[in-house]
Amino acid sequence: MAQDARVQEFVKSFQSLRSEVQKIIVGHDDVILSVLVGLFAGGHVLLEGAPGLGKTLLVRTLAEGLELSFSRIQFTPDLMPADIVGTNIIVEDTSGRKRFEFQQGPIFGHILLADEINRATPKTQSALLEGMQEGSVTVGGATRPLPAPFFVLATQNPIEMEGTYPLPEAQLDRFIFKARVRYPAIEELNAIIERTTRPREVEVRRVMTGPAVLRLRELVREVPIVSHVRDMVSLIVMTTHPGFEHAPEVTRRFVRYGSSPRGAQAMVLGAKVLALSQGRYNVSAEDIRAMAAPALRHRIILNFEGEAEGIDSDTIVARAVESAERLAVREKEVFLR
Amino acid sequence: MVDPTRLDRLVRGVARQVRRRRLEFYGLKGAFYGAVAAVVPLLAKGLVGPAAAAVAVALVALGAAAGALFGLALATPRADVARVADRALGLEDRVATAFEWAARPDRTPLVDLLVADAIAHVERLASAQAVRRVLPGEARLLPLPLLVILVLAVAPAVRLPVNRLPDFAAHSDVEGSPDRTGKLESREQTLAKPDALKAGPLSERDLERASASLVSAGDRPALFKDTALGGQRPDFNSFLKKGDERLKLLEQMDALPDLRSDFTQSEYKMMLEQTKALTAEGLRPDQVPPQKVRELLEEMEQMGRKQTPEAAQTAAQGLRALDRGDQVKALDAMNRSLNTLRRAEEERKGALNLSGGKQGETGRRSSDSGDSKEPGNPEQEDPGGSKGLEPGKGPSDHPQGEATPRLEAKPRDSSLEGDPRSGKKDSIETNTYGRAARVPSRLPVGSAFEQYQRMMEEAIAREQVPRDYQPQVKDYFRALSEK
């Protein structure tokens, strides 16, 4: 069966890409999963974590596992939009005539690592974010499409906030997921020491091509989702809004704005990828639960009190999921809950 | 397309389980209420007769049957049943999705795979119990009415009170004396005998009647002889006089005591009394027991939550200061919170047009010239009043402290230095000629202020302003509005 073969191809590609990345990256299974799900869902992923936790290495390794071009931009305060998208330069041909020629910037790559994205000015950030949203850039009046697949992995450091330009909420919304790179456990730390302080023996194989990624992205969208799971997604998004009548207390107290509909889209697409990666042909409520935090944590804007109290947006999401599950069966009879 | 009969069979099986569980659940419920109803005929066994037990059993059975029928009549939507099956059998929403998408026109090619996959999963499952048993709360209580039924069924009939006149006809039949006059005569003879009471059995009514006849008007002093009233004579004049005084008092509406002004009726005044008791002992702020201060602050916070959030916030500040060991600040916060509570109390009373309210207070102050504080009036002796309180020093005229001195500066500091240039200088005339257009100001200051004040109130209501800063923000706007 052709469809079955496509699904098997997806499972195989996903698993092999994951295992290639895990050859180099120790631990961080949830981050690797978020990145891979983001890749197949057709979005861009924001990685947040303290320096030295392997964010950049993860992205580089992923790029090594794919037969795709890779570029990296180290964001600094003096970085200009032209440094990202490219610019028109004057060139002289053999006959001595001068003309403008477009010199492509690093954004014209398949996989783009935007390292420490919050260190560049908003103007420069927006140059990248426009490309992420539209899939094309406009330079000198000419619109140039970006190569497909175009996958941006941006990193930001949450502790060195001085001299940074935090991404505005509207721009954060363009990342399908935000993964938090946490400090490794002691066993993982031991493995990192072992693996990184001796000659590198492991080679990352290229397991997938660009067209294959695009093909598998199309397959993801065919995965069906049952209506009660879809309703649960909507309820989760609604319960992140303080104005919603069934919003939990923690949301009412600490949230200024809840998630946008993009949050719901991200959850469903992520859940579809997750289901396919497990060889399943449908989205389950468990997939939605797994994708809720990465899809919503950067879309919830805390109010001043929430910021002052140090409320974690993951807590808000967890409460929202609980409330949504309760609400979904509230009206049902005891044996049908 | 894969035949989804197996899935259908699974869903039907689960639906059967749901119905069975419902039958148990609602049947037990009905049996409980039937059993409660069955107690009634057994209580009235005397009236109902030997059929009472049968009626009771019938009621229990009827209740259970009605409950079970109700349970069976409830709808079992397939989508819900499929969801229950998925959840109970760990099928990860396969069955529900397959059912829903198999019937949709926009089905994707993956749906066929999904149906096949769901069937494969269902086949692997042993016949499992998908719907767990849930017992209603009434099931635990069911033994109680059943026990009562059993006891009542075995026990003799309960004698019910009968409110009706004695059956004289029956009585006369028993005595067998048809001559009524002869009966009356014999009764008179019985009463005439002095030892009649001793001879016959005494009823309570007879005893009461006897004691009433003994205590006549002349015997009352004898009754009160051992009490203080024993030596007093009835003084009717003084009673009348006091009555007149009471009537006059009733005419003076203003002098009537306001029961609501009783300090036990006002939480604020209770709080004030407790604060006074705490600070009236001449203790320095650091000598006041912190536990008492904490108790008072917690009470104020609770009270403020109900009435005045501002007072609750101030009390919370005090609690935090107490946690830090800063008792002076805690006492200060306590006084401020008390002030806020007092203001709220005055406003509330003012709104109700009660004495002690803001309007009444204003009226009284306007009628009195100057400082009209009456000594001994607890309302006016408020230690946390408008004058403020310095801990250990008593009332202060500067509750917010002394004003910060201005930085020293000369007015010429801002002027340019150097000598003016001599000679004719070019200049541009900036005067405008003609009448100014008579248009209203684009931004009336008054409405702009109200607008900002509304925004401030909304921001506070939405808790965008941190709790600790809210009083400052409010004070700022209050100061502006006073100007």
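Residues numbered from 1 in each chain as written. Chains lettered and ligands numbered in written order. Predicted model: local features only at pLDDT ≥ 70, side-chain atom pairs only at ≥ 80, totals over all residues. Heavy atoms only, no water.

Asks: Please clarify how the sheet that holds strand E6 (residues 111-115) of chain A should be interpreted in this entry.
Replies: Residue and element names in this part refer to chain A. In spatial order, the strands read E3-E6-E9-E1-E10; together these five strands make up an open sheet with parallel pairing. Only two strands of the sheet have a single neighbouring strand rather than two, namely strand E3 (70-74) and strand E10 (177-181). Across the sheet, the mean angle from the axis of one strand to that of its neighbour is 20°, orientation sign disregarded. Direction of pairing for strand E1 (residues 45-49) relative to strand E9 (residues 151-156): parallel, over a ladder of four bridges. Residue pairing across strands places Leu-46 opposite Ala-154, the latter belonging to E9. (Pairing = 2+ DSSP bridges. Helix = DSSP H or I, 4+ residues; strand = E, 2+ residues; numbered from the N terminus. Axes fitted to C-alpha atoms, helices over the stretch in contact; angles between N-to-C directions.)

Asks: When you look at the packing of aromatic side chains in this model, what are you seeing that I'm missing?
Replies: For any pair of aromatic rings, geometry is given as the distance between the ring centres together with the angle between the planes. Across all of its chains, the model carries nine aromatic pairs over all chains by this definition. The interplanar angle of 40° and the centroid separation of 5.7 Å between the aromatic rings of Phe14(A) and Phe40(A) together place this pair among those described as tilted. Placement of the pair is Phe14(A) in helix H1 (residues 2-24) and Phe40(A) in helix H2 (residues 29-41), with a sequence separation of 26 residues. The class of Phe14(A) is buried, set by a relative accessible area of 0%. Looking at Arg144(A), its charged tip hangs above the ring of Phe102(A), at a distance of 3.9 Å from the centre. The aromatic ring of Trp101(B) is capped on one face by Arg104(B), whose charged end is 3.9 Å from the ring centroid. (Phe/Tyr/Trp six-rings, centres within 6.5 Å; stacked < 30°, edge-to-face > 60°. Buried < 20%, exposed > 50% of the residue type's maximum accessible area, 1.4 Å probe, protein only. Lys NZ or Arg CZ within 6 Å of the ring centre and 35° of its normal.)

Asks: Is there a simple way to explain the packing of helix H1 (residues 5-43) of chain B against helix H4 (residues 78-89) of chain B in this structure?
Replies: Each pair of packed helices gets described by two things: the angle between the helix axes and the distance between those axes. All names here are of chain B. The geometry of H1 relative to H4 is characterised by a closest axis approach of 9 Å and an angle of 90° between their N-to-C directions. If you check the angle between H1 and H4, you find them roughly perpendicular. Of H4, the residues touching H1 (which contributes Asp-8, Leu-10, Val-11, Val-14 and Ala-15) are Arg-78, Val-81, Ala-82, Val-84, Ala-85 and Leu-89. (Parallel < 35°, antiparallel > 145°, perpendicular 65-115°, else oblique. Contact = heavy atoms within 4.5 Å.)

Asks: What's the story with the interface of chain B and chain A in this structure? I'm lost.
Replies: Facing 35 residues of chain B, the contacting portion of chain A comprises 31 residues. Both sides of the chain B and chain A interface together cover about 2800 Å² of buried area, and 63% of this is carbon and sulfur. The largest contributions to the chain B side of the interface with chain A come from Arg83(B), Leu110(B) and Leu113(B), which together make up 22% of the buried area. On the surface where chain B and chain A come into contact, there are one salt bridge. A salt bridge links Glu92(B) to Arg280(A); its shortest N-O distance comes to 3.6 Å. The interface formed by chain B and chain A contains eight residue pairs in polar contact (both at pLDDT 80 or more). For the side of chain B that touches chain A, the elements supplying multiple residues, two or more each, are H1, H4, helix H5 (94-102) and helix H6 (110-124) of chain B. Split by residue class, the side of chain B that touches chain A holds 18 nonpolar, three polar and 14 charged. (Buried area = accessible area lost by both parts, 1.4 Å probe. Salt bridge = Lys/Arg side-chain N within 4 Å of Asp/Glu carboxyl O. Polar contact = N/O pair within 3.5 Å; in protein donor to acceptor, adjacent residues only side chain to side chain. Nonpolar A, V, L, I, M, F, W, Y, C, P; charged D, E, K, R; others polar.)

Asks: Help me understand the packing of H1(A) against helix H11 (residues 261-277) of chain A in this model?
Replies: All names here are of chain A. Orientation of H1 relative to H11, taken along the N-to-C sense of each, is 95°, at an axis distance of 8 Å. Between H1 and H11, the interaxial angle falls into the category roughly perpendicular. Taken together, the residues of H11 that come into contact with H1 (itself represented by Val-7, Phe-10, Val-11, Phe-14 and Gln-15) are Val-273, Leu-276 and Ser-277. Each residue belonging to the contact of H1 with H11 can be placed in one class, and the counts come to six nonpolar, two polar and no charged.

Asks: Quick question: what am I supposed to make of the pattern of salt bridges here?
Replies: Side-chain pairs of opposite charge can arise where the charged atoms are in close proximity. All names here are of chain B. Applying the stated criterion across every chain yields a total of 36 salt bridges over all chains. The shortest N-O distance in the salt bridge between Asp-117 and Arg-94 comes to 2.6 Å. In this pair, Asp-117 is assigned in helix H6 and Arg-94 in helix H5, connecting sequence segments 23 residues apart.

Asks: When you look at the environment of Arg180(A) in this model, what are you seeing that I'm missing?
Replies: All names here are of chain A. Among the secondary structure elements, Arg-180 is positioned in strand E10. In the structure, Arg-180 is positioned 132 residues away from Glu-48 in sequence and 5.0 Å away in space, judged by C-alpha atoms. If sequence neighbours within four positions are ignored, Arg-180 has contacts with Val-31, Glu-48, Arg-297, Asp-312, Ser-313 and Asp-314. Within the structure, Arg-180 has its side chain in polar contact with the side chain of Asp-312 (distance 2.8 Å).

Asks: I tried to follow the environment of Arg97(A) on my own but got confused; where do I start?
Replies: Residues and elements named next belong to chain A. Within the secondary structure, Arg-97 is located in the loop between strand E4 (86-92) and strand E5 (98-104). Judged by its relative accessible area of 61%, Arg-97 falls in the exposed class. Not counting chain neighbours up to four residues away, the residues in contact with Arg-97 comprise Val-91 and Glu-92.

Asks: Would you mind going over helix H14 (residues 313-330) of chain A with me for this structure?
Replies: In this model H14(A) runs 25 Å from its N-terminal to its C-terminal C-alpha over 18 residues, within 8% of the 26 Å that 1.5 Å per residue would give. For H14(A), the set of buried residues is Ser313(A), Asp314(A), Ile316(A), Val317(A), Ala320(A), Val321(A), Ser323(A), Ala324(A), Leu327(A) and Val329(A). (Expected span 1.5 Å × (residues − 1).)

Asks: Can you help me understand unusual backbone geometry in this one?
Replies: Residues other than glycine predominantly adopt negative phi, and peptide bonds predominantly adopt the trans conformation. Residues and elements named next belong to chain A. The residue after Ala-148, namely Pro-149, is reached through a cis peptide bond having omega -5°. Among the structural elements, Pro-149 can be located in the loop between strand E8 (142-145) and E9. At His-28, a residue that is not glycine, the phi angle is positive and equals roughly 50°. Note on placement: His-28 falls in the loop between H1 and H2. Since its relative accessible area comes to 11%, His-28 is described here as buried.

Any functional reading would require information that these geometric values do not contain.
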